Structure formats: structure tokens, C-alpha cells
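# Observations on the three-dimensional arrangement
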Amino acid sequence: MSSLSTDSAYSLQQKQRIRIAVALFFFGQGLGFATWASRIPSIKTSLGLSEAELGTLLLMIPIGQLVTLPISAFLVNKFGSHRVLPWAAFLYAFVLILIGLSPNVWYLGASLFLFGMAGNMGNISVNTQGVLAEEIYGKPIMSSFHGAWSLAGFSGALLGFLSMQWELPSMQHFIGMFLLLTINILWNKRLLVPEQPKQKEKEEKSKYKPDWMIIQLGILGFFSMATEGAMFEWSGVYFSEVIHAPEKLVILGFGSFMVMMALGRFIGDGIISKLGRRRTLQLSGLLMFAGMLTSVLFPNLYICTLAFMLVGLGVACNVPTVYSVAGKHKTIPAGVALAMVSSISFLGFLMAPPLIGYIAELFSLQYSFALFSLFGLLMFVMVSRMRRSEM
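Residues numbered from 1 in each chain as written. Predicted model: local features only at pLDDT ≥ 70, side-chain atom pairs only at ≥ 80, totals over all residues. Heavy atoms only, no water.

## Examining the overall build of the protein chain
Across its full length, the protein chain carries 16 helices and 0 strands. A compact globule built from 391 residues should have a C-alpha radius of gyration of about 21 Å, and the protein chain, at 20 Å, falls within 12% of that. By its C-alpha atoms, the protein chain is 60 × 50 × 35 Å across when sized along the principal axes. Of all 391 residues assigned to the protein chain, the portion counted as buried reaches 54%. Residue pairs at least 24 apart in sequence account for 85% of intrachain contacts in the protein chain once pairs closer than 6 positions are excluded. (Helix = DSSP H or I, 4+ residues; strand = E, 2+ residues; numbered from the N terminus. Rg over C-alpha atoms; globule rule 2.2 N^0.38 Å. Buried < 20%, exposed > 50% of the residue type's maximum accessible area, 1.4 Å probe, protein only. Contact = heavy atoms within 4.5 Å.)

## With respect to unusual backbone geometry
In the Ramachandran plot, E167 falls in the positive-phi region, its phi being about 60° despite a non-glycine side chain. Along the polypeptide, E167 turns up in the loop between helix 7 (142–165) and helix 8 (170–188). You can call E167 exposed: its relative accessible area is 70%. The phi dihedral of H244 is positive, around 55°, even though this residue is not glycine. Relative to the elements of secondary structure, H244 occurs in the loop between helix 10 (212–241) and helix 11 (251–275).

## Points about the nonpolar core
A general trend in soluble globular proteins is that nonpolar side chains are found buried together. Formed by 59 residues in total, the largest nonpolar core has its most connected members in L220, Y238, F369 and F372. The contact partners of F372, leaving out residues within four places of it in the chain, are A226, A230, M292, A352, L355 and I356. Core analysis: the next-biggest nonpolar cluster, separate from the first, contains 24 residues, V95, L112, A152 and F178 among them. (Core = buried A, V, L, I, M, F, W, Y, C linked by side-chain atoms within 4.5 Å.)

## A word on a nonpolar patch on the surface
A cluster of nonpolar residues, L286, L362, F363, Y367, L371, L374, L377, L378 and V381, forms a patch on the protein surface that exposes about 810 Å² of accessible area. Here L378 lies in helix 16 (residues 365–385). (Patch = residues over 30% accessible without salt bridge, like charges linked within 9 Å, V, L, I, M, F, W, Y side chains within 5 Å. Areas by Shrake-Rupley, 256 points an atom, 1.4 Å probe, with all protein chains shown as cover. Salt bridge = Lys/Arg side-chain N within 4 Å of Asp/Glu carboxyl O.)

## Here's the deal with the pattern of salt bridges
If you walk through the whole model with that rule in mind, you get 3 salt bridges. Among the salt bridges present, the one from E134 reaches R277, with a minimum N-O distance of 3.5 Å. Of this pair, E134 sits in helix 6 (residues 105–137) while R277 sits in helix 12 (residues 277–297), placing them 143 residues apart in sequence. Side by side, E134 and R277 carry an identical accessibility label, which is buried. The partner of E228 in a salt bridge is R265, and the shortest N-O contact between them spans 3.8 Å. In this pair, E228 sits in helix 10 while R265 sits in helix 11, placing the two residues 37 residues apart along the sequence. Residue class for R265 comes out buried when judged on its relative accessible area of 5%. Within this structure, E134, R277 and K328 form a network of salt bridges that share partners.

## Re the packing of aromatic side chains
This model, assessed by the stated rule, comprises 15 aromatic pairs. A ring pair is formed by F222 and F375, whose centres lie 6.1 Å apart and whose planes are at 80°; its orientation type is edge-to-face. A residue pair is termed long-range when its members are at least 10 positions apart, and F222 in helix 10 and F375 in helix 16 qualify at 153 residues. Judged by its relative accessible area of 19%, F222 falls in the buried class. Looking at F375, the relative accessible area reads 16%, which means it is buried. (Phe/Tyr/Trp six-rings, centres within 6.5 Å; stacked < 30°, edge-to-face > 60°.)

## With respect to the packing of helix 11 against helix 13 (residues 301–316)
One way to put it is that helix 11 packs onto helix 13 with a least axis distance of 7 Å and a crossing angle of 35°. For the pair helix 11 and helix 13, the sense of crossing is right-handed. Residue-level inspection shows L252, G253, S256, F257, M260, M261, G264 and R265 of helix 11 in contact with helix 13, the latter providing L301, T305, F308, M309, V311, G312, L313, V315 and A316. Looking at the contact of helix 11 with helix 13, its residues break down into 11 nonpolar, 5 polar and 1 charged. (Axes fitted to C-alpha atoms, helices over the stretch in contact; angles between N-to-C directions. Left-handed = near helix turned anticlockwise from the far one by under 90°. Nonpolar A, V, L, I, M, F, W, Y, C, P; charged D, E, K, R; others polar.)

## Brief notes about the side chain of Q65
Residue placement: Q65 occurs in helix 4 (residues 60–79). The class for Q65 is buried, based on a relative accessible area of 18%. What Q65 contacts, discounting residues up to four positions off in sequence, is G116, M117, N120 and F346.

## Let's talk about the confidence of the model for the protein chain
Here the protein chain shows a mean pLDDT of 86. Residues at 70 or above account for 93%. Ignoring residues within four places in sequence, the model shows residues 1–7, a span with pLDDT below 50, making 25 contacts including any to other chains. A low-confidence stretch, residues 199–206 (pLDDT under 50), is modelled with 8 contacts involving residues beyond four sequence positions or located in other chains. (pLDDT = per-residue confidence, 0-100.)

## Brief notes about the environment of Q16
Relative to the elements of secondary structure, Q16 occurs in helix 1 (residues 12–38). Taking the relative accessible area as the measure of exposure, Q16 reaches 40% and is therefore partly exposed. Through-space distance from the C-alpha of Q16 to that of A133 is 9.6 Å; in sequence the pair is 117 residues apart.

Set out below in C-alpha cells:
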């Protein structure tokens, strides 16, 4: 990563404007994904997809993301995240139109693969920008950027709901969002933080060679993203089949988790400043463990709502913190370090939902959640064993 002077190079006003610009790019990434996700039912109906066909198609996004990880690292390292991010964000928005135009399963699958590719390039470059902006500020601000992504998720879901209520076709919805996201890119791209490349020999020595620190960060990210994946895909099912919540209240599981995750990310920077990254991750692990286990031991509507809120707070700061530490690696460029950590972390998000399903099929959904609660405990133990200097 580049070496930036903090206070001397930028005025307070410039720092604030850079922070807003980077946050808006995070918001744009989240809004693009939420726009697609909100119209999945409409696209499923229009193409006459079965649940199995839709499930297979949805895998194209993570496949595209995984395939692009080394490419994203190379591009960000060679050209700089400030150059890669606007193009990745534009492609991400443009692919929405391709998705809307999809006349059949094959076209939609190819479009979703491109969506995953663009999303990964945007993810690596926008998080690299987050690391650079945090370095300029000289204090933790990464969680607030991820909070902007979460806020965009709510906004995109709400806009999707309204567009369906107004019977707006998916294509018109996607075109409108493409125009909005393009304006966001053009307005803010000039304020992204430029990077200075490292010395070539130093860069070549560390290229694609993750050390134990990177592996540890990746495992911590894996624990957190596995828990997130479980909550995204199974919280509603848990409330329906285990809690037996009324149909109108099934959304409480996912909603309570998402609200607290977003809130946790906006207050997370202040908590990290007071407690430090190490203690914050320890506390996060305990909250994940306590929340998941409480939902298993007390399958009650009100108790489980509170338990899922604890899980939301528990996962809120983990990925931003892990990315922030990885991006400040002493020898590996930020883009490469983030790609390495993402490669390990994202496996948790991919593996968790089907793994919970398999365990539930053999035993029960409560048994699955009990096992997944151990990820929080393992995170606490692992962070406690890491040296303070590593955080």
C-alpha cells in the first residue's frame, strides 16, 4: 500500500469530502446488489424458473467473484484502486441492464457471472480506498463505510418493494438505478485517494505469498462471514419452522439482525477507538456465540428477536476490522492483501447456507445453529491468542 502523509497533506475539509466520496462508493456497491436482490422474485416469475434453477443461477455470482479475485488484486496493485474503482462500479451498474434484458436462463447466468466479477473488482478496490481514507484520518473509520453499504441494502430493498408495488418493470427499475449510480460515480471519482506504487523488488518479493498474519485474518473473516451467510439465508426459515412465528412476523428474524448490524457498523469506529481492534473482535466473537446459542436454548419469538440482534452487533465490525488490518500489511500491497483475506473469508459466506441445510437435514435446524455458534467462541479464542502488535 502507498505511504501517505495524514495531517499535512489534506485539510480537514478535504478529508471530510474524501470520506463522503468513499462512503458513497460503498453505498453505490450496496445499492447495486440490493437492486438486483429485490427483483429476484419478479425475474424468477418472468422466466418461469423453478427453485432449483434459481438456486443454480444464484451460484453464478459467487463463482464470478471467486474467479476474479486474483485479477482484481493484480489490477488494483498495478493501476491503483482510484483508477479501478470507477470502472468496476460502472460495469457493476451496467450489468444490471444486461440482467434486465435476459431472455432466458443461459443469458441470465452469464449476466450474473459478470455481475459477480464486477462486484469483486469493486469490493477489492473500494475496500482499498477505505484503508487509504482511514490512513488519511489517522483513526478507525472503516466500519462506517461498511455501514453505508448496509444502509444501501435497506434503501435498495425499499426501492425494490416500491417499484413492485407500482408495477414498474424490472428493466425500467434497473435503467433508473444505472443512471443514478453513474451520476454517483462521475460526481465522486475525482475525490478518490491516489496511490503510489511500492518499489518493484519489494512488491515482487511479497506477491501472492500470504503469511501467517494474512491467514489468521482470513480465518477470522471466515467465521464472521459464515455467521452472516447463515443469518441471511436461514433466519427467516428459523423463525418460521423453529419459532413458529406468525407469517407477518417471520421477517423479524432477518430484520432484527440487519438493523443491528447496520447500527453496529455506524457506531463501530467509536468502539474500536476506545477498546482497540483486538478487544472489539473479542467482544464481537462473544456476542455472536451468545446470540446464536440463546436462539437455540430459548426458541421464543421475543427472546430470539433479541438474540438475533446480538448476532447482528457481533458480526457488524468484524469484516471492516479484518480488512482494515490486512490493508495495512507491512510488505504486501493493500489490494493483494485484501484479495487474499477475501478469498478465505468469502468461503464462509459460500459454504454456510448449504452446510446449515445439510446439518438440518441430518439432525435439526437448531442443531445447525448450535454448531455455528461455536464460530463466535473460536473467534474469541483465536483473537485472544494473537499478539497485540498484530492488531
